[in-house]
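Structural characterization, general
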Amino acid sequence: MNFNFISARTSQKIMNSIFVLSGILTLAILAIILADILIKGLPVINMEFIFGQVENQGESGGIFPIIISSLYVTLVSILIATPLGVGAAIYMVEYASNEKLTNIIRFGAETLASIPSIVFGLFGLSFFVIFLNLGWSIFSASLVLAIMAIPTIFQVAEVSLSSVPSIYKEGSYGLGATKWQTIYKVIIPAALPGIVTGVILGMTRSISEAAAVMYAVGSSIIMPISIFDPGRPLPLHLYVLATEGISLPNAFGTAAVLVIIVLVITFLTNYFTEKYQNKMMGK
Amino acid sequence: MTKIAAEALIEKSLFILALFSCFVILIILCFIFFEGFPAIQEYGFFKFLFGTIWSPNDGQFGVFDMIIGSLYVTFIALIIAIPLSISCATFMAEVASNKVRNFLKPVVQTLSGIPSVVYGFFGLIILVPFVRSQFGGTGFSIFTAAIILSIMILPTIISVSYDSLRSVPQDYKEASLGLGATNWQTIRRVVFPSALPGIITAIILGMSRAVGETLAVIMVVGNVAKMPSSIFSPARTLTSNIALEMSYATGIHYNALFATAVVLFMLIMLLLVVANYVQRKYSIDIGGGTL
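None of the values given here were measured: they were computed from a predicted structure.

Here we come to the overall build of chain B. Broken down by element type, chain B carries 11 helices and two strands. Listed N to C, the secondary structure of chain B is α-α-β-β-α-α-α-α-α-α-α-α-α in terms of helices and strands. Each of the three principal axes of chain B carries a C-alpha extent, and together these read 75 × 70 × 35 Å. Intrachain contacts of chain B at a sequence separation of at least 6 include 73% that bridge at least 24 residues.

Turning next to the overall build of chain A. Per the secondary structure count, chain A includes 10 helices and two strands. When its helices and strands are written in sequence order, chain A yields α-α-β-β-α-α-α-α-α-α-α-α. Projecting the C-alpha coordinates of chain A onto the three principal axes gives extents of approximately 65 × 65 × 35 Å. Look at the contacts in chain A between residues 6 or more apart in sequence, and 74% of them connect residues 24 or more apart.

Residues and elements named next belong to chain A. Partitioning chain A into structural domains gives domain 1 (8-44) and domain 2 (47-280). Taking only C-alpha atoms into account, the centre of domain 1 sits 30 Å from that of domain 2. Listed as interface residues are seven residues of domain 1 and, on the opposing side, eight residues of domain 2. Here the side of domain 1 that touches domain 2 is composed, by residue class, of five nonpolar, one polar and one charged.

In this complex, chain A contributes 68 residues to the contact, which on the side of chain B involves 64 residues. Elements with a contribution of two residues or more to the side of chain A that touches chain B: helix 1 (8-41), helix 3 (64-95), helix 4 (99-114), helix 5 (117-131), helix 6 (138-162), helix 8 (179-207), helix 9 (234-243) and helix 10 (248-280) of chain A. Here the side of chain A that touches chain B takes 19 residues from helix 1 of chain A, the largest share from any one element. When grouped by side-chain class, the residues that make up the side of chain A that touches chain B number 46 nonpolar, 18 polar and four charged.

All right, on to the nonpolar core then. Core analysis: the largest hydrophobic core is formed by 182 residues, its most contacted members being Val144 and Val213 of chain A. Residue contacts for Val144 of chain A: discarding those within four places in its chain leaves Phe120, Gly124, Phe128, Ala212, Val213 and Ala216 of chain A.

Between its first and last C-alpha, helix 3 (residues 64-95) of chain B extends 45 Å over 32 residues, near the 46 Å set by a 1.5 Å rise per residue. The largest bend along helix 3 of chain B reaches roughly 35 degrees and is located at Ala81 of chain B, with the proline Pro83 of chain B sitting one to four residues downstream.

With that settled, consider the packing of helix 5 of chain A against helix 1 (residues 3-43) of chain B. For the pair helix 5 of chain A and helix 1 of chain B, interaxial distance at closest approach is 10 Å and the crossing angle is 80 degrees. Here helix 5 of chain A is positioned roughly perpendicular relative to helix 1 of chain B, judged by the angle of their axes. Together, Val119, Leu122, Phe123, Ser126 and Phe127 of chain A of helix 5 of chain A and Ile27, Ile28, Phe31, Ile32 and Glu35 of chain B of helix 1 of chain B make up the contact between the two elements. Each residue belonging to the contact of helix 5 of chain A with helix 1 of chain B can be placed in one class, and the counts come to eight nonpolar, one polar and one charged.

On to helix 4 of chain A. Taking 1.5 Å per residue, 16 residues should reach 22 Å; helix 4 of chain A reaches 22 Å between its end C-alpha atoms and fits that length. Turning to helix 4 of chain A, its buried residues are Ile105, Gly108, Ala109, Thr111, Leu112 and Ser114 of chain A.

Okay, the domain arrangement of chain B next. Residues and elements named next belong to chain B. Taken as a whole, chain B is organised into domain 1 (3-50) and domain 2 (64-287). On a C-alpha basis, the centroid separation for the pair domain 1 and domain 2 is 28 Å. When contributions to the side of domain 1 that touches domain 2 are tallied by element, the ones reaching two or more residues are helix 1 and helix 2 (45-50).

The subject of this paragraph is the confidence of the model for chain B. Looking at chain B, pLDDT values average 88 and 96% of them are 70 or higher. For chain B, the element scoring lowest by mean pLDDT is helix 11 (residues 251-285) of chain B, at 83; helix 6 (residues 142-166) of chain B scores highest, at 94.

Attention shifts here to unusual backbone geometry. Non-glycine residue Asn56 of chain A carries a positive phi angle of around 50 degrees. Tracing the backbone through its elements, the reader meets Asn56 of chain A in the loop between strand 1 (54-55) and strand 2 (60-61). Among the residues examined, Asn56 of chain A registers 11 C-beta atoms within 10 Å and is labelled exposed. In this structure, Asn223 of chain B is a non-glycine residue whose phi angle is positive, near 60 degrees.

Parameters at a glance
- Residues numbered from 1 in each chain as written.
- Chains lettered and ligands numbered in written order.
- Predicted model: local features only at pLDDT ≥ 70, side-chain atom pairs only at ≥ 80, totals over all residues.
- Helix = DSSP H or I, 4+ residues; strand = E, 2+ residues; numbered from the N terminus.
- Contact = placed C-beta atoms within 7 Å.
- Domains from an automatic or database assignment.
- Nonpolar A, V, L, I, M, F, W, Y, C, P; charged D, E, K, R; others polar.
- Core = buried A, V, L, I, M, F, W, Y, C linked by C-beta atoms within 7 Å.
- Buried ≥ 20, exposed ≤ 12 C-beta atoms within 10 Å, placed from the backbone.
- Expected span 1.5 Å × (residues − 1).
- Bend = angle between axes of the 7 residues up to and from the residue.
- Axes fitted to C-alpha atoms, helices over the stretch in contact; angles between N-to-C directions.
- Parallel < 35°, antiparallel > 145°, perpendicular 65-115°, else oblique.
- pLDDT = per-residue confidence, 0-100.

Laid out in structure tokens, this is it:
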């Protein structure tokens, strides 16, 4: 935009108001979405809804098996993804010396992060469900989600490991510790809050994903007991309730539960990040 | 085991973990291509890519309309999202006080954390009836999907361009302000040009998220496998084509859906390569090379 025909001061004023407005608009979008979901969803939520079985395909009853499915796939996927993501980050920060190799590894993580979730869904179906014969199960879905969470955990852990001051390392070496002892006893503890943040971000991605698991998890509304049982996580339940027109109130209730879980996780992430920053600044 | 042998073993195992991502990508590529290949072989690559009839029952598998659908929805979403998100990022980085900035950061973070199905649900309940009453038709349209997508890519574009705006050296700004430039003149002539590669990366990241989004789009776009005639007509995207038909597809139809994923994958890879290229090209032009 060229404002030659109006004074510098006027254009300054105009642009400032545009900037402020865009900030307000962003806030308003979030407020409207949250308010809509929570105002219509919270009245549906009660003990019976949280701890009840799914009845009539979700038209009545509660969502207890759905919540358990969600926690189940999220937990198992994080247990698989954390060692892989953190291990890769440790290698990149502490061992890798060949620049070509680190570029390949980093490009691999970037590519993995940008593959659309529905492509992961197809891969889960053809590889885990059919080729490895794991069937429609919590386990198949968890494996797909684990692959999706690895790049997130890897990227955040790498930043946090590389920001550990080198003086810590030198102190440890000076005392005669080996490389792995230094990593295990000094570097990982110092970077832990950052690593935890990465793991929590990975969890957010796992718990809110539906497209990647819709063809791996089996969409069963019965309580999953074993890891090889089928299940149906919260986002998938919401999708089915909304698109098949089963029950609008229960869809709002499910959406509200999902949004509350994500809000709590976001709050926890900020808590850990702040703690980490304070520690790094010596507070 | 001696200490040295143990150390070597640990290094080897970590090396394998580090290569795991690349290994997984290879397996994913192999399986998607392997499953998609029979459809491309039987139907013909160009006929598949540029065919305009998708009718699995009659053995017609042209995905051209869906490529257009995907690009159309993404393009409109970008037109809505780019001005809003860059202006919001500028507000947070250059104009707002620390207090306002620390308030807006978690807002953007929360927007990016909301599950895509929740966005789709919001679109289905609020936006579809709104578009129907304002612009006619069923309300399921490219326009509706583009609004939802633009909201979903806001946090991506805002946070990446914010980081890039913040990393412009303070000296540059102070020099400009010292010459008597106003804050806006400084932003326009100094801050924006220096932060440009980061902003372009932000836009491309948002774009690849929009192209790859599935369920939120399915819920509002109408999913008619026809060439869209206007912004208010329904359409079908590559992603929604896969998700809608996978549950009952068999035989060549099953393979054709994997071939659709191949097209989608190539589109995303193209965007990623462009993003890398742009970042490298512009970062050399600016002194220091760290921008």
